[in-house]
Amino acid sequence: MSESSTRPLTRAGTYADDSAYGGQKFDVEKTNKLTDDDIAPELQLNRKGVGSWFSAGYHIGTTIAVPAAILPLPYAFSQLSWGPAIIALLMGTCTTYYSSWLLAGLFNWNGQTYYRYRDLVKSIFGRRGFYAATFFQQVASLGNNLAIAIVAGQSMKALYITYNPDGDTFKLPYCIIVFGFFQFIMSQLPDLHSLRFVNALSNICTLVFSTIAIGMSIHNGRQLDRSTVNYEVPGSLTTKIMGVFLALGSIAFAFGDTILPEIQATVKEPAILNMRKGITMAYCLISSTYFTVAISGYWAFGQTVLPYLLNNLATPTWPVTIANIAAIIQITGCYQVYCRPTYEYFEMKFCDVRQSRLSKRNLFARLCITLVYNVIITFLAALIPFFGDFVALVGAIGFIPMDFLLPIIMWLKVRRPHRWWAWTANITIIVFYSIVAVCACVGAIRQIHIDVGTYKVFADLA
């Protein structure tokens, strides 16, 4: 039996010796010592991954290339104008691909395998790093699902309006509630690996709604008098600056994925090589959709482009309908991936790890955890459905620290490169995106303040 399988565990499923698995310091004499032999196989934390690099690729693609990330990009372009917008998007693509590549290489940097992002951070920075990573990961996960619940509601509302143009019964909050109920049902799937077929379908849907968004943007753009399409950023200097801040936050959100180690835990050996193949596959999908949707959407509508591109596309109705349906399906997979770290955190606290997931006690605990989570997300999304503002805020507070900064900081601490230019380049990235995070946060909070003063709670926004 391996060393890792003989270490004592507490009832909560965390290691009692304060190891890198995220366990807290307990009085071992006052806890029941459990080894992995005592724990139900599907609840063991050190089981080997069985997924391929291809499955890792579509897990990553599902969590990053979502409608909530892709379809606001033309609006972000409208706040930056052509040149700066393309540069910002290119920098985001290159930086997060690079940081994801580094993060995959830290999976077992000291000979111990780390299955959770927060545990990997703890192994390098100690308990303070563990708590900081937990905070940022939960902010990103909860904020992401809050934003995409709003997007799902908007897509449902758009479908309703398309075929009931004079109807006002099915309001946006009701759409969000329907989506939340469906996510509660989907949340009963046991783990991330069980979502592999859902996520494969989600990646297909990404290509579907992206292709339709591109084609419809070009089609609708050609119907307009091109001389009336304006690309000049309007407003006062303050408005323009805050718009830039908001756009940078939206672009950061577009590359958010705070659960790469959790995805890597589902991959079979060699895990690092397979994960890097999956990252490359996912970024081929990401780069091909992000730039084409952003450029075509901004070209078509200029400064009149809306925060959710599909709301600009009116005719013909049938491709818009397909795009909205594909968006809802894709969002379903993304939502489920992002809620898993939260579910796992509370399951380790409230489930009996010695019993199967299908035991009555664990089933009841999971039902309660998933119910509370989805009720909270659904309520908040319906309460203040200001989609574009939350995208920028989550990008600033959650995704920039976890995806742009932390992987590079950890790599520098662990690998300690000898070449001066390696230090200089990486420190430059860290400083630049730290400034971006602060600026994007300021812009998003300002815009939320403005919108809260403009709209009522539970607003029926289009």
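Residues numbered from 1 in each chain as written. Predicted model: local features only at pLDDT ≥ 70, side-chain atom pairs only at ≥ 80, totals over all residues. Heavy atoms only, no water.

### Considerations on the packing of helix α4 (residues 73-80) against helix α11 (residues 271-301)
Selection rule: To obtain each axis, a line is fitted to C-alpha atoms, and for helices this fit is confined to the stretch in contact; angles are then taken between N-to-C directions over 0 to 180 degrees. Runs of E in the DSSP output that reach at least two residues are strands. Runs of H or I that reach at least four are helices, and both are numbered from the N terminus. Relative orientations are named as follows: roughly parallel for angles under 35 degrees, roughly antiparallel for angles over 145 degrees, roughly perpendicular for angles from 65 to 115 degrees, and oblique for any other angle. Note on convention: near helix rotated counterclockwise from far helix by under a right angle means a left-handed crossing. Clockwise means right-handed. Two residues qualify as a contact provided that any one of their heavy atoms is within 4.5 Å of a heavy atom in the partner residue. Under this grouping Gly is polar, as are all residues other than the nonpolar Ala, Val, Leu, Ile, Met, Phe, Trp, Tyr, Cys and Pro and the charged Asp, Glu, Lys and Arg.
Remark: α4 packs on α11, axes separated minimally by 8 Å, with the N-to-C direction vectors making an angle of 60°. With respect to their mutual orientation, α4 and α11 come out oblique. The two elements α4 and α11 meet at a crossing, and its hand is right-handed. Facing L73, P74, F77 and S78 of α4, the residues of α11 in contact are Y290, V293, A294, I295, G297 and Y298. Classifying every residue of the contact of α4 with α11 gives eight nonpolar, two polar and no charged.

### Looking at the nonpolar core
Proteins that are soluble and globular tend to have nonpolar side chains buried together. Here is the rule: What makes a nonpolar core is a set of buried Ala, Val, Leu, Ile, Met, Phe, Trp, Tyr and Cys residues whose side-chain atoms join them at distances within 4.5 Å. Note on exposure labels: buried denotes an accessible area under 20% of the residue type's maximum, exposed denotes more than 50%, and partly exposed covers the range between, all computed with a 1.4 Å probe on protein chains only.
Counting residues in each nonpolar core, the largest one holds 110 residues, and the members touching the most others are L89, F255, Y290 and M410. Considering every element that reaches this core, the biggest residue donor is helix α6 (residues 117-163), with 15 residues. Setting aside anything within four residues of it in sequence, one finds L89 in contact with L73, F77, I251, F255, Y290, F291 and A294. If you look at the next biggest cluster of nonpolar residues, it comprises eight residues, including L246, A396, A440 and C441.

### So, the packing of helix α7 (residues 172-186) against helix α13 (residues 360-383)
Interaxial distance between α7 and α13 falls to 9 Å at its minimum, and their mutual angle equals 160°. By the angle class used here, α7 and α13 are roughly antiparallel. Both α7 and α13 take part in a crossing whose hand is right-handed. Where α7 abuts α13, its residues P173, I176, I177, G180, Q183 and F184 lie against L367, T370, L371, N374, T378, A381 and A382.

### What to know about a nonpolar patch on the surface
Rules: Exposure above 30% relative accessible area and the absence of a salt bridge qualify a residue for a patch, where like charges join within 9 Å and nonpolar side chains (Val, Leu, Ile, Met, Phe, Trp, Tyr) within 5 Å. For the area figures, the Shrake-Rupley method with a 1.4 Å probe applies, and any residue is considered shielded solely by the protein chains shown. When a carboxyl oxygen of Asp or Glu lies within 4 Å of a side-chain nitrogen of Lys or Arg, that pair is called a salt bridge.
Together, L201, I204, I325 and I329 give the surface a local cluster of nonpolar side chains, amounting to about 330 Å² of exposed area. Elements represented by at least two residues in the nonpolar patch include exactly α8 (196-223) and α12 (317-350). In this fold, I329 is placed in helix α12.

### A few points about α6
Put simply, the rule reads: Here the expected span of a helix is defined as 1.5 Å times the quantity of residues minus one. Bend angle per residue: angle between axes fitted to the 7 residues ending at that residue and the 7 residues starting there.
With 47 residues, α6 ought to run about 69 Å at 1.5 Å a step, yet its terminal C-alpha atoms sit only 45 Å apart, falling short of that. If you look at α6, its biggest bend is around 145°, right at F125. The buried count for α6 comes to 33 of 47 residues, which makes it a mostly enclosed element.

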